[in-house]
Amino acid sequence: MYKTASTTSLLDRPPAILSKRAVGMRSAFLAVVACLAGLLLQGCSSPPHNPNGGPVVIQYWEKWTGFEGDAMRAVVDAFNRSQSKIRVEMLTVSQIDQKMLLACAGGNPPDVAGLWSYNVNVYADKNALLPLDDYLAKAGIVKEDYIPCFWDMCEYRHKVWALPTTPASLALHWNKDLFREAGLDPERPPRTIEELDAFAEKLTKRDSSGKFIQMGFIPSEPGWWNWSWGYFFGGKLWDGRTKITANSPENIRAYRWVRSYSEKYGAQQIQLFRSGFGNFSSPQNAFLSNKVAMEIQGVWMHNFIEKYAPKLRWGAAPFPYPSDRPDLANTTIVESDVLVIPNGARHPDEAFEFIKFVNSQYGMELLNMGQRKFTPLTKVSPEFIRNHPNPYIRVFIDLAKGKNVYTAPEMSIWTEYRDEMNAAFDDIWLGRLTPEEALGRVQARMQKKLDRELARLHRIGRKGFED
C-alpha cells in the first residue's frame, strides 16, 4: 500500500492553498514521479487507435499468476473473440497497487487495473480512479445485480469506482478424520465458541516430552485476520464516521478469548509448535498436514487441499458464535478483487466495455469457475453450482449473502489501523499487555490519526467518510 504521508498531502491539497515553496516542492515531486513512471512503465502504455481502422488496444494490468492468471486470460480471450473493435492485452504486474499510483502520477496509467477491494476508497480519495456511474447507468448495471456486500465494497462517497471480480468469504474448515479419531462426530462442526474450545481440547495431542504434535485450534493460525476477531463477538472497529471503537466491550471480550488460548496452552509452546509448520502453499501447511484440526480460511482453501492433500477429508461451516449471542450466527469477513479504470486512462470507454463483459453472467462464471470461487452476481446458472469443484461452495455464498457480513473498514488510514490491531494481537497473545491495555493504546493512537485525517479531508473540501 502506498503510504507516504507527505507525498499524499501534497498531491491531495489544491494548488490554491499551497505556498510558493510547497508549489515548487509539489512540481518537483511530480516531475520526479513522471520521470520514474516513464522509466518503470516504458513499453506498457496503450498504443493509439489504429489509423487503418483496426481494433483499439487497451492495456490491462493484473496481479494474478498461475491458475488464477490463466482463468482471467481465458476471459480476456473470450472477450477478444466476441468482437473486433477492442483488443485487450493483459500484463501481470507485481505490486500492482503501488505501480498503478505511480503510473497515474506520471500520466501513463493502464486502461484497466485489477486491485483489491480495500484499495477502492483510498485510491478514490487520491483521485486515481474514474467513477463508473455514468457507464453503469448507460449499461443498465444496478446494485440489485450483485450480492450486496460486494457492490458496497465498490461504492464510496455515493459513487461507484470499481466492479467486483472474484469474491471470497471466510468459514471454519475442519478435518473430519481427526474429529473421528478424537471421538467427535466428523459431520458435526462446533456451532458456538464454547463448543469450539471444547472440541479444540479434545483434538490437541502432545508427545511424551509434552510438546504439541497436534492442536485443535489456534487463533493465531494462519494469522491473516488477527485484526478481525472482534466481529465474531459483536464488535466493530469504528462507527463509520468519526469514532474509533477498538476498545469496545465486544472487542475486549474477543481478545480475552484469544488470550485464553495462549494462557491455557502456553504462548511459547504454541510458538514452538508453529515454527514447525511449512509454507502455506505446500503439503506442510498446518491444516493440510494434520497438525491443526480446525482453521478459519477462505473459499480458496479448497484449491490448496485439492493440490497438496487431495485425500484429506474436510468440511466447511460458518465460524462459531458466542453461546449468549445467537444473533451473531453466520458471521463472516468478505473480500473481493475488483476492476477499475485509472484516472488518465487513454481508452476509458473501451476499458468499460471489457469490465462490462467480465461482469456479465458468462464472464463471471468463466472467471470464478477457473479460480474455484463464487460469482458476486445474484443471478447464477444452475450448472455453475452443480459443476463447481468445491463441495461447500454454497456455504461461502450463503455467508456472503447473510446479515453478519463484515469488510475491512472503508477509511484511508486502514492499513495503519490494521497494523496497530495486529501489533495489539501479538501483545495480547504473548502476555505483554492485557486486552484492555493493548486495545486502549490502539484506541488512543488511531483516534488521533482519524481526527487528523478528517481535518485533512475538510481542508480539501470533503466533510468526512460518510459523504
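Calculation criteria
Residues numbered from 1 in each chain as written. Predicted model: local features only at pLDDT ≥ 70, side-chain atom pairs only at ≥ 80, totals over all residues. Heavy atoms only, no water. pLDDT = per-residue confidence, 0-100. Contact = heavy atoms within 4.5 Å. Core = buried A, V, L, I, M, F, W, Y, C linked by side-chain atoms within 4.5 Å. Buried < 20%, exposed > 50% of the residue type's maximum accessible area, 1.4 Å probe, protein only. Axes fitted to C-alpha atoms, helices over the stretch in contact; angles between N-to-C directions. Helix = DSSP H or I, 4+ residues; strand = E, 2+ residues; numbered from the N terminus. Parallel < 35°, antiparallel > 145°, perpendicular 65-115°, else oblique. Left-handed = near helix turned anticlockwise from the far one by under 90°. Nonpolar A, V, L, I, M, F, W, Y, C, P; charged D, E, K, R; others polar. Polar contact = N/O pair within 3.5 Å; in protein donor to acceptor, adjacent residues only side chain to side chain.

A. Fine view of the confidence of the model for the protein. The predicted model of the protein averages 90 in pLDDT, with 88% of residues at 70 or higher. Every residue in residues 1–48 scores below 50 in pLDDT, and together they form 62 contacts with partners more than four places removed in sequence or on other chains.

B. Representation of the nonpolar core. In this structure, W229, W257, M294, F319 and Y417 are the most contacted members of the largest nonpolar core, which totals 90 residues. Excluding anything up to four places from it in sequence, W257 contacts I193, L196, D197, F217, P219, W229, F233 and F319. Of all hydrophobic cores here, the second largest spans 54 residues; its members include W151, L163, V338 and I355.

C. Structural view of the packing of helix α10 (residues 249–265) against helix α18 (residues 435–459). Put simply, α10 and α18 touch, their axes get as near as 9 Å, and they point 130° apart. By the angle between their axes, α10 is oblique relative to α18. Considering the relative orientation of α10 and α18, their crossing is right-handed. Every residue of α18 that contacts α10 at N251, I252, Y255 and R256 is listed here: P435, E436 and L439. Class assignment for the residues of the contact of α10 with α18 results in 4 nonpolar, 1 polar and 2 charged.

D. Seen up close, the side chain of N303. Looking at the element boundaries, N303 is found in helix α12 (residues 301–308). Looking at N303, its side chain comes within polar contact range of the main-chain oxygen of Q371, at 3.3 Å.

E. Local environment of unusual backbone geometry. Between E221 and P222 the backbone carries a cis peptide bond, its omega angle lying at 5°. Following the sequence through the fold, P222 ends up in the loop between β8 (212–214) and α10.

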